[in-house]
Amino acid sequence: MTNNSPDSGLFATPPPSMGRRRMWFTIFAVAAAGAVIAAIGASLFLYFLVRDLPSIDPLKDYRPSIITKVFADNGDLIGEFYLEDRKVIDVTNLPKYIIQTFVAAEDARFFRHQGIDVPSILRALMKNIEAGHIVQGGSTITQQVAKSLFLTPERSYIRKLKEAVLAYKIDRYLKKYEILNLYLNQIYLGHGAYGIEAAAQRYFGKGAERLTLAEAAMLAGLPKAPSRYSPMLHPRKARSRQTYVLKRMAEDGYITSRELEAALKENVDIAAFRSKEDIAPYFRENVRRYLQERYGSDVLYQEGLSIYTTLNVEMQRAARAAVDRGLRELDKRQGYRGPLGTIPPEEWNAFQEGAEELLGDEFDSGSIVKALVTAVNSDEQKVYLSVGKRLAVMTLENMSWARVPDPEIPPESANVKDPADVLKAGDIVLVRILEIPAPGESVAAAETPPLSVALEQDPIVQGALFCMDPQTGEIKAMVGGRDFAESEYNRATQARRQPGSAFKPIIYTAAFDKGMTAATIIMDNPVIFRDTLKDSLWKPRNFSEKFFGPTTLRTALIQSRNLVTIKMLKDIGIDYAADYAATMGIASPLTRDLSLALGSSAVTLEELVRVYGIFAANGTKANPCFIKKIINRNGAALEEQKPQTEQVVDSRIAYITSHLLQEVVQQGTGWRVRELGRPVAGKTGTTNDLKDASFIGFTPSLVAGVWVGFDDLRPLGQYETGSRAASPIFLYFMQHALAGHPAETFTPPAGVVFAKIDPETGLLARPDAKNFAFACFIEGTEPKEFAPLPGGKQEKEFYKFDLDAFMKSEG
């Protein structure tokens, strides 16, 4: 009989031991499956995490963004171009304690872990869990390198995992000192400084190898929070952080207790922001434009080029000083535009305290600073001021120029007679420090001798100066405007302005090349030209509004006679003269009409200087150049420029023009330049409406041009010609540029002869003549006949004209 009870056959209850085995088997199977799935998941996660990680192979050839440096011709640094202010060094050359400060501050177990410090990571993880978000990273130095070079700065656990993986790989790939080399060159240390070398120079004004222990500890405290611990912005926090670093060093055994105590007592001198003197901003910008156009922005700002230029530092300083002096003199001739502002007595103290803080402890004689007028004494003819909190005195003599602007009144006839007519208490003005008396025995403020000051104002007129070596074309000095910070527009190389009579030597040289001589006679008399395009009449005149009859070309150029030059241009041909100018280096488009003789076509100052350089170099044209060579970060030369010269004018003809331009200085409109006391040649330029004034001059080894004018084309003012407004700047510049150099003479080439001529007829002067001049000629073209005796000379009454009647005539 079959037994179907639950306790029998298939439905029999298994023994208890068998059930437990099945349960454990199930648990094991599930756990094993979970582990496999977790391992697969982790592997997939790790795969996807690391598959996009960059290769660390480039670390062996570390090429960070570094500074491109620009050097003057003597090796002085005159400019830098960069995205990150970084100066790469080999940290193995640093004292050990400098490296130890960073290790103690940032990663105490750096030399023991393998790129990842697990205890630090766990501590940071607990802090983050407590805070509910990421507040601490726990990054090692190696992780910071990985983050800086390969990852973004985002705060996320995924990024931290990538950072850890990269750090582990880097630690296996590089030696510890190589990692430190990357770290100390790459790390950002505040105020635009990347790497320890740039930071040492920024904060302490010295190289990293010269840092003291205390200074190094202050820098080592910065990576955590460069702004918060900046010794410039937050000195107390920086000091506290420095103390922490030094104590950590002592705890880790890097320094002794005595060294700790000495470092804590050291008074760390922060260099603050002592901006470097920017002596050649317009020149430097020319270099930058060239590099960007030729090599691109990445190379310019990141590849650490070394640019060796032609700039002469001393000449550049002289050029800046000359332009500033000349523009200020011109500006004063225009009168005083008034104080910068006026404040009531209750605001005086606040102004004085602010000015004192801005001035600091030191200011030099010659400095131009703001001052507050505190009293005006008409009886004493003095003005009392405060410069910061220091008393200053200004006499009437040192402000007599400050008349009310009036273009119709000559400055010399309108000097200030009473200081109260110009200033009052509460006025804020600019003054120049003339003298800083040394304090007596007492240095109390009340007993400190007052400063002696003179009234100043910032000019609004602009000016430019361009100087080069005429033999090589090397640019030695360049000033493109009054203030680069105010306007980057380069008026020496970019601005096209009318040269006026400064263009005439080109026309005369072209005429000499076509057979005319310095003794050629052209009639200086009234002439009228009809402009068929405008259906109008042109009645040119001389600047003096006089006519002089038969005139030699020598006299016409020396005295800058317009009518003779116009007639000469008509004789030789306008197209011929324009093409001749282009050959000499005038690249600007020229108006092909007779006004070309008077410099009506706008050209750049650089073009004019290049042309005048031909006269100085006996007919050889040198293309202006500003770069000698460019070296890349590896020391290889990218380019090396040699002078580019070309003989474009017969040396004899160039010398004839050069000789006449020497006479312009001796007898003509360039007379102010005679003060140089050495052979010099040049020509003034003034436009009819006095909107432009220029002077271009040269010695055998230096050619320079000066331009003065307003950007908005307003007139410079009555009497402001090239002789008065521009030639003094040339003089001031050359006095310094040529100081200490022997005087040079202009040597005539073979084939040039001199003759003593009668300046009125152009013929040979008689042996007993008292009125004569020496002129030079191409051999064989000099005059052969003697001038007639005085009694036989034709009178010039015919050439006395009624100018007003002539100008009203219809021709």
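Position numbers for residues start from 1 in each chain and track the written sequence from start to end. Local features in a predicted model are, by the rule used here, given only for residues with pLDDT of at least 70; side-chain atom pairs are given and counted only at 80 or more, and totals for whole chains, interfaces and linings are based on all residues. The side-chain figures draw on all heavy atoms in the structure; neither hydrogens nor water molecules are used.

Enquirer: Explain the overall build of the protein chain here, please?
Expert: Comment: elements are numbered from the N terminus, with helices defined as DSSP H or I runs of at least four residues and strands as E runs of at least two. Regarding its fold elements, the protein chain presents 22 helices and 26 strands. Put simply, the protein chain has 811 residues, and 49% of those count as buried. Only protein chains enter the accessibility calculation, which uses a 1.4 Å probe. A residue is then buried if its area is under 20% of the maximum for its type, exposed if over 50%, and partly exposed in between.

Enquirer: In this structure, what is going on with the sheet that holds strand 1 (residues 68-71)? I would like to understand it.
Expert: Neighbouring strands of a sheet are bound in pairs by backbone hydrogen bonds; such pairs are parallel or else antiparallel. Taking strand neighbours across the sheet as the criterion, the five strands line up as 2-1-5-19-20 in an open arrangement whose pairing is mixed. If you trace the sheet from one side to the other, it starts and ends with strand 2 (77-81) and strand 20 (637-640), each paired once. Along the sheet, successive strands turn relative to each other by an average axial angle of 15°, direction set aside. Judged from the three bridges that link them, strand 1 and strand 5 (residues 306-309) form a sheet pairing that is parallel. Residue pairing across strands places F71 opposite Y308, the latter belonging to strand 5. DSSP-based pairing: two strands are paired if at least 2 bridges between them are found. Each axis is a line fitted through C-alpha atoms, and for a helix only the stretch in contact is used; angles between axes span 0 to 180 degrees, taken between their N-to-C directions.

Enquirer: I'm lost on the packing of aromatic side chains in this one. Help?
Expert: The geometry of an aromatic ring pair is captured by the separation of the ring centres together with the interplanar angle, meaning the angle of the planes. The pairing test for Phe, Tyr and Trp rings, Trp by its six-membered ring, is centres within 6.5 Å, and the orientation test on the planes gives stacked under 30 degrees, edge-to-face over 60, and tilted for anything in between. What the rule picks out here adds up to 19 aromatic pairs. Where F71 meets Y308, the ring centres are 5.1 Å apart and the plane angle is 15°; that geometry is what we call stacked. Remark: Y308 occurs in strand 5 and F71 occurs in strand 1; sequence separation between them is 237 residues. Relative to F746, the ring of F698 lies with its centre 5.7 Å away and its plane at 85°, an arrangement referred to as edge-to-face. Remark: F746 occurs in the loop between helix 21 (722-737) and strand 25 (752-757) and F698 occurs in strand 23 (residues 692-699); sequence separation between them is 48 residues. Of the two residues examined, F698 and F746, each falls in the buried class. Three or more aromatic residues joined by ring pairs form one cluster here, namely Y612, F615, F698 and F746. If you follow R241 out to its NZ or CZ, it ends over the ring of Y229, 5.5 Å from the centre. Lysine NZ or arginine CZ positioned within 6 Å of the ring centre and within 35 degrees of the ring normal marks a charge as sitting over the ring.

Enquirer: Whenever I open this one, the packing of helix 9 (residues 235-251) against helix 10 (residues 257-265) confuses me. Can you help?
Expert: A pair of packed helices is captured by two measures, namely the crossing angle of their axes and the spacing between those axes. Here helix 9 crosses helix 10 at 170°, and the two axes come no closer than 10 Å. By the angle between their axes, helix 9 is roughly antiparallel relative to helix 10. Taken together, the residues of helix 10 that come into contact with helix 9 (itself represented by R239, T243, L246, K247 and A250) are L260, A263, L264 and K265. Split by residue class, the contact of helix 9 with helix 10 holds five nonpolar, one polar and three charged. Roughly parallel means an angle under 35 degrees; roughly antiparallel, over 145; roughly perpendicular, 65 to 115; everything else is oblique. By definition, residues are in contact when any of their heavy atoms lie within 4.5 Å. Under this grouping Gly is polar, as are all residues other than the nonpolar Ala, Val, Leu, Ile, Met, Phe, Trp, Tyr, Cys and Pro and the charged Asp, Glu, Lys and Arg.

Enquirer: I'm lost on the packing of helix 4 (residues 141-150) against helix 6 (residues 176-186) in this one. Help?
Expert: One way to put it is that helix 4 packs onto helix 6 with a least axis distance of 9 Å and a crossing angle of 55°. Compared by their axis directions, helix 4 and helix 6 come out oblique. Here helix 4 runs over helix 6; the crossing is left-handed. When helix 4 is examined against helix 6, the residues I141, T142, Q144, V145, S148 and L149 are found in contact with a partner set consisting of I179, L180, L182, Y183 and Q186. Each helix crossing is assigned a hand: it is left-handed if the near helix lies turned anticlockwise from the far helix by less than a right angle, otherwise right-handed if that turn is clockwise.

Enquirer: What am I meant to see in the pairing of strand 24 (residues 702-709) here?
Expert: Moving residue by residue along a regular strand, the side chains alternate between the two faces of the sheet. Here strand 24 lies mainly inside the structure; eight of its eight residues are buried. Covered by surrounding structure in strand 24 are L702, A704, V706 and V708 together with V703, G705, W707 and G709, the residues of both alternating faces. Across seven bridges, strand 12 (residues 462-468) lies against strand 24 in antiparallel orientation. The residue of strand 24 that forms the bridge with F466 is G705. As defined by bridge partners, strand 23 adjoins strand 24 across eight bridges and the pair is classed as antiparallel. Each bridged residue has a counterpart across the sheet, and for T699 the counterpart in strand 24 is L702. Connecting strand 23 to the next strand, strand 24, in antiparallel fashion are two residues.

Enquirer: Looking at this structure, I do not really get the pattern of salt bridges. What am I missing?
Expert: Pairing between side chains of opposite charge can happen when their charged atoms approach one another. Any Lys or Arg side-chain nitrogen located within 4 Å of an Asp or Glu carboxyl oxygen qualifies as a salt bridge. Using the criterion set out here, one finds 38 salt bridges in the structure. The partner of K176 in a salt bridge is D171, and the shortest N-O contact between them spans 2.7 Å. Here D171 falls in the buried class, since its relative accessible area comes to 13%. Between E456 and R328 there is a salt bridge, with the nearest N and O atoms lying 3.1 Å from each other.

Enquirer: Before we go on, may I ask you to explain the sheet that holds strand 24 in this structure?
Expert: Strand order across the open sheet formed by five strands is 13-12-24-23-22, with antiparallel pairing between neighbours. Only two strands of the sheet have a single partner each, and these edge strands are strand 13 (475-479) and strand 22 (681-686). For this sheet, the mean inter-axis angle between neighbouring strands, taken without regard to orientation, is 5°.

Enquirer: Is there a simple way to explain the confidence of the model for the protein chain in this structure?
Expert: Detail in the predicted coordinates should be disregarded across regions flagged by low pLDDT. pLDDT is defined as a per-residue confidence score from the predictor, taking values between 0 and 100. Confidence in the prediction of the protein chain, expressed as mean pLDDT, is 87, and 86% of residues score 70 or more. Between residues 441-446, whose pLDDT stays under 50, and residues either more than four places distant or in other chains, the model counts two contacts. Confidence over residues 793-811 falls short of pLDDT 50; this stretch has 27 contacts with residues more than four positions distant or in other chains.

Enquirer: Just checking my understanding: could you explain the environment of G192 for this structure?
Expert: Relative to the helices and strands, G192 resides in the loop between helix 6 and strand 4 (193-194). On the accessibility criterion, G192 (28% relative accessible area) is partly exposed. Here the alpha-carbon distance between G192 and R86, two residues 106 residues apart in the chain, equals 8.8 Å. The contacts of G192, once residues within four sequence positions are left out, are D85 and R202.

Enquirer: Before we go on, may I ask you to explain helix 6 in this structure?
Expert: In an α-helix there are 3.6 residues to a turn, and that puts residues three or four apart on one side. Along helix 6, 10 of the 11 residues are buried, which leaves the element largely enclosed by surrounding structure. Inspection of helix 6 places K176, E178, I179, L180, N181, L182, Y183, L184, N185 and Q186 among the buried residues, and these make up the whole buried set.

Enquirer: Quick question: what am I supposed to make of the nonpolar core here?
Expert: One broad trend across soluble globular proteins is that nonpolar side chains are buried collectively. To define a nonpolar core, start from buried Ala, Val, Leu, Ile, Met, Phe, Trp, Tyr and Cys residues and group those joined through side-chain atoms within 4.5 Å. F283, V287, Y612 and F698 are the most contacted members of the largest nonpolar core, which totals 94 residues. Of the residues forming this core, the biggest block, eight residues, is contributed by helix 19 (residues 605-616). With residues near it in sequence (within four places) discarded, V287 still touches V70, F81, I307, T309, F626 and I627. Of all hydrophobic cores here, the second largest spans 52 residues; its members include L59, I170, Y229 and I255.

Enquirer: Explain the side chain of R491 to me, please; I cannot follow it from the model alone.
Expert: The topology assignment puts R491 in the loop between strand 13 and helix 15 (504-513). A polar atom in the side chain of R491 sits 2.9 Å from the side chain of S487. Apart from the residues within four sequence positions on either side, R491 is in contact with Y282, Q462, A464, G480, G481, L605, W707 and D711. A 3.5 Å cut-off defines polar contacts: any pair of N or O atoms within that distance qualifies, except that in protein one atom must be a possible hydrogen donor and the other a possible acceptor, and neighbouring residues in sequence count only when both atoms are side-chain atoms.

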